[in-house]
Amino acid sequence: MATSQSKAPAPEVKDCPVCKGTGEVSRTVRVGRRHRAVGQQTGLCLNCLGSGQAPN
């Protein structure tokens with residue numbers, strides 16, 4: 001005899017507002033005494049720790 005149990009719906013996952021769901025953010029790299037911008041570097045999003053999902 002099989003019992004039918006209804007599963008609770010999965011919670012809706014929202015994208016992280018900082019990285020917009022990618023898990024990475026770009027930062028400007030600056031060098032020298034005048035802090036001249038030379039490019040950008042991508043790194044792990046510290047808000048969601050790279051998961052891309054908004055923290056609770």
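Anything mentioned here points back to the structure above.
Presented here is an overview of the structure given in this document. (Residues numbered from 1 in each chain as written. Predicted model: local features only at pLDDT ≥ 70, side-chain atom pairs only at ≥ 80, totals over all residues. Heavy atoms only, no water.)

Turning next to the overall build of the chain. Looking only at helices and strands, the chain features zero helices and two strands. What you see for the chain is a C-alpha radius of gyration of 20 Å, clearly larger than the 10 Å of a compact globule of 56 residues, by over 25%. Each principal axis of the C-alpha atoms in the chain carries an extent, and together these give about 75 × 15 × 10 Å. The buried share of the chain, reckoned over its 56 residues, is 11%. Considering only contacts within the chain whose residues lie at least 6 apart along the sequence, 40% involve residues at least 24 apart. (Helix = DSSP H or I, 4+ residues; strand = E, 2+ residues; numbered from the N terminus. Rg over C-alpha atoms; globule rule 2.2 N^0.38 Å. Buried < 20%, exposed > 50% of the residue type's maximum accessible area, 1.4 Å probe, protein only. Contact = heavy atoms within 4.5 Å.)

With a phi close to 60 degrees, Lys 20 is a non-glycine residue in the positive phi region. Its place among the elements puts Lys 20 in the segment before β1 (24–31).

In this sheet, strand β2 (residues 36–44) lies alongside β1 in antiparallel orientation, the contact comprising eight bridges. Bridge assignment links Glu 24 to a residue of β2, and that residue is Leu 44. In this structure, the hairpin formed by β1 and β2 is closed by a connection of four residues, where Gly 32 is found at a positive phi of approximately 85 degrees. (Pairing = 2+ DSSP bridges.)

Turning our eyes to something else, we now look at the environment of Gln 5. Looking at the element boundaries, Gln 5 is found in the segment before β1. Distance in space between the C-alpha atoms of Gln 5 and Arg 36 is 62 Å, their sequence separation being 31 residues.

Attention now moves to the environment of Cys 45. Mapped onto the secondary structure, Cys 45 falls in the segment after β2. The buried category is assigned to Cys 45, whose relative accessible area is 1%. Linking Cys 45 and Cys 19, residues 26 residues apart in sequence, is a C-alpha distance of 6.5 Å. Here Cys 45 is in contact with Cys 16, Val 18, Cys 19, Gly 23, Glu 24, Val 25 and Gly 50, once residues within four sequence places are set aside.

We now examine the state of the cysteines. Following the criterion strictly, the structure yields zero disulfides and no others. Cys 19 carries a free sulfur, and the closest cysteine sulfur to it, the one in Cys 48, is 3.7 Å from it. Note on Cys 19: relative accessible area 6%, which makes it buried. Note on Cys 48: no disulfide assigned, nearest cysteine sulfur contributed by Cys 45 at a separation of 3.7 Å. Taking relative accessible area as the criterion, Cys 48 reaches 8% and is therefore assigned buried. (Disulfide = S-S within 2.5 Å.)

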